[in-house]
Every structure is written in C-alpha cells, then in structure tokens.
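Coordinates in review
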Amino acid sequence: MKRSATVLLTALAPVSWGTTYAVTTQFLPPDCPLFTALMRALPAGLLLLALTRVLPRGAWWGKAAVLGALNIGAFFPLLFVSAYRLPGGTAAVVGSVGPLFVVGLSALLLRQRPAPRTLVTGVVAAFGVSLVVLRGAGALDAIGILAAVASTGSMAAGTVLTKRWGRPDGVGPLALTGWQLTAGGLLIAPVAFLAEGAPPALDGRAAGGYLYLALANTAVAYWLWFRGIGRLTATQVGFLGPLSPLTAAVVGWAALGQALTPVQIGGMALAFGATLAGQLGTGRSQSFSSAEKTSRKDSMDLTDRPLGR
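Residues numbered from 1 in each chain as written. Predicted model: local features only at pLDDT ≥ 70, side-chain atom pairs only at ≥ 80, totals over all residues. Heavy atoms only, no water.

A few points about the overall build of the protein chain
When you go through the protein chain residue by residue, the secondary structure sums to 15 helices and zero strands. The buried share of the protein chain, reckoned over its 309 residues, is 52%. Partitioning the contacts of the protein chain with sequence separation of at least 6, the portion at a separation of at least 24 is 91%. Surface summary for the protein chain: the accessible area is close to 13800 Å², and the carbon and sulfur share equals 69%. (Helix = DSSP H or I, 4+ residues; strand = E, 2+ residues; numbered from the N terminus. Buried < 20%, exposed > 50% of the residue type's maximum accessible area, 1.4 Å probe, protein only. Contact = heavy atoms within 4.5 Å. Areas by Shrake-Rupley, 256 points an atom, 1.4 Å probe, with all protein chains shown as cover.)

This is the structure:
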C-alpha cells in the first residue's frame, strides 16, 4: 500500500478519538472517568484476543505490559484527570505538543535526528491547536498540568517503543493491539473500582455510547494506530495527533451547535497544515531493527496466526 494511503488510514485513529468528548458528554453517565476508561480498554482488548487467539510469548509478556501501561493504562486515566482539572482546552494544548515529545524520544531511542523543519512544524501545530481550543484565561491546576504532561509523555513513549520493538514473528497488528488494550484495561480496573466504587447503572443510550467507544473508538482506532506505527516513522505518526482536538472542535460545531470564530478557523488551518507538513517533511528511517522489518512486512495482516501454527 502506498505511504499516502497508510497515512490516511492511520489518521482515522486520532479523528475517531476526537469524537470522544461529544460521546462522553451526550451519552455516558457523568463523573465516572475511570470507569469510562476501563470500558474503552478492557472489552475491546478481550474481543481482539478472542478474535486472534494469539498470546504473547517470552519477553513479549513484559513488553506487552509496558506498552499497555504507556499507551492505555496510564494514558487514559491521566488524560481524564487533566481534562477534569484544567479549564477549557488547556489539556488539549498540552497534548498537542505530543509530536515534539515523539521527536525527542525518537532521537534518543530510534537514533532519528530531527530536522529543524520538523521542530518548527511541531511548534506551529501546537500553536494552531491552542487557537482552536483555548477559550480564555483561567486558573491552572498544578495536578492537572502534571497529569496532562504525563499523559502526553506516556503516549509518546508508547508510540516510540512500539516502533522500536516492532512485533514478534507471525504476529500482526490486531493481536498487538489486543495485548495492549487488555494489559492497560487490567491496570485501570482496580484503580477505577477503588476510586469510583461500583459501576453506574446504564440505560440503552449509555450502553450504545460505551459500545461505540470500545469498538470504533478504541479497538479499530488503536489497531489502525499501531498498524501505522509499523509502516511509518514514529515522527510521522506523532504528527497526526493534533487531528484529535481539531476533530473535537468540528464535531462540537456540527453536532453540538458550538460556534467557531475566525481565530479558531485560522488555528485549524495552521494545525492542519502543520500535520500535512509533518508527513511531507519526515521520511522513512534508514536503519531498522529486525523486529521493525518484520513489523513492516506483515503490517497489512488483518488476522493473526494462532499459537502453535
């Protein structure tokens, strides 16, 4: 598949994540962010495990646990904490510096030296997102800021390590996604029940919202994300992240009746342009580990081989 098609498919992941806020506020019970994080991760992970019938082997038990903790188990709760404690779109602005985190970690772990153009593009993307989501000044909560920075760093580290480790022989992106979602969900579960108590009562509307989050917003979206990591550079994937807050703004305008000002529209143009520049300005890494070569070779697999085959 051509690289442009891979980029477009991978971009569907952050676009899907941009609908999370609208679904959460319009369909789900309030004040249970950890339960929502759990319902996003664990059912989706168990479903993918059942479909692929592939379990980690050897060192991959530990690697899957680390990736699951970074990409899901730590990222989801920290993201919700920052969203609840920070005003307006501050959490989204902090999250929009994710491409710069990925660039720095790629230099350390993947030996991909960032070009000045890449750094400038990352700053422009963050500035564009800030114009879209910031509504006005407000008191900044220290815990919220720390949670936002930690969630951004967690996802960036998970993205780069997923690229560095690739996948084991005979294992496709669907199984890798299932491992991480299950590991992350199992980490969230005890925290959710200790902090929030028994699960809330669910009506049909809430059940439909959780079904959407678990299937389209998480199982499919994360499969596309990890599949993209196998075929693109970590920096290219990281530069797709700003599409999430941009999508949230568009959904708010189209479905929730939220007005978009000329400044916001200009910010969207800046951030979207930076996202495109992030794809054009970064090429494939020139050196890959054997695991990464295997990852790229079979990244088109939609199914995975069962154990023993």
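There is more to say, and it comes next.
Some thoughts on helix H1 (residues 3–17)
With 15 residues, H1 ought to run about 21 Å at 1.5 Å a step, and its terminal C-alpha atoms sit 22 Å apart, in line with that. Along H1, the positions that sit buried rather than exposed are Thr6, Val7, Thr10, Ala11, Ala13, Pro14, Ser16 and Trp17. Contact partners of the buried residues in H1: helix H2 (20–27), helix H3 (33–52), helix H9 (142–165), helix H11 (204–231), helix H13 (243–255) and helix H14 (262–280). (Expected span 1.5 Å × (residues − 1).)

What to know about the packing of helix H8 (residues 116–133) against H14
With their axes 7 Å apart at the nearest point, H8 and H14 run at an angle of 155 degrees to one another. Taken as axis vectors, H8 and H14 run roughly antiparallel relative to one another. When the axes of H8 and H14 are compared, the crossing they make is left-handed. Listed contacts from H14 to Arg117, Thr121, Val124, Ala125, Phe127, Gly128, Val129, Leu131 and Val132 of H8 are Val263, Gln264, Gly267, Met268, Leu270, Ala271, Ala274, Ala277, Gly278 and Leu280. Split into classes, the residues belonging to the contact of H8 with H14 amount to 13 nonpolar, five polar and one charged. (Axes fitted to C-alpha atoms, helices over the stretch in contact; angles between N-to-C directions. Parallel < 35°, antiparallel > 145°, perpendicular 65-115°, else oblique. Left-handed = near helix turned anticlockwise from the far one by under 90°. Nonpolar A, V, L, I, M, F, W, Y, C, P; charged D, E, K, R; others polar.)

Observations concerning the nonpolar core
Counting residues in hydrophobic clusters, the biggest one holds 33 residues, and the most contacted among them are Trp17, Ile72, Phe76, Ile188, Tyr222 and Trp225. Secondary structure elements with two or more residues in this core: H1, H3, helix H5 (75–85), helix H10 (173–196) and H11. Looking at this core, the element that brings in the most residues is H11, giving eight residues. Trp60, Leu67, Ala175 and Leu176 belong to the second-largest nonpolar core, a separate cluster that totals 10 residues. (Core = buried A, V, L, I, M, F, W, Y, C linked by side-chain atoms within 4.5 Å.)

Concerning a nonpolar patch on the surface
Together, Leu47, Leu51, Leu211 and Leu215 line one region of the surface with nonpolar side chains, adding up to about 360 Å² of accessible area. Of all the elements in the fold, those that place two or more residues in the nonpolar patch are H3 and H11. Position of Leu47 relative to the elements: it lies in helix H3. Taking relative accessible area as the criterion, Leu47 reaches 35% and is therefore assigned partly exposed. (Patch = residues over 30% accessible without salt bridge, like charges linked within 9 Å, V, L, I, M, F, W, Y side chains within 5 Å. Salt bridge = Lys/Arg side-chain N within 4 Å of Asp/Glu carboxyl O.)

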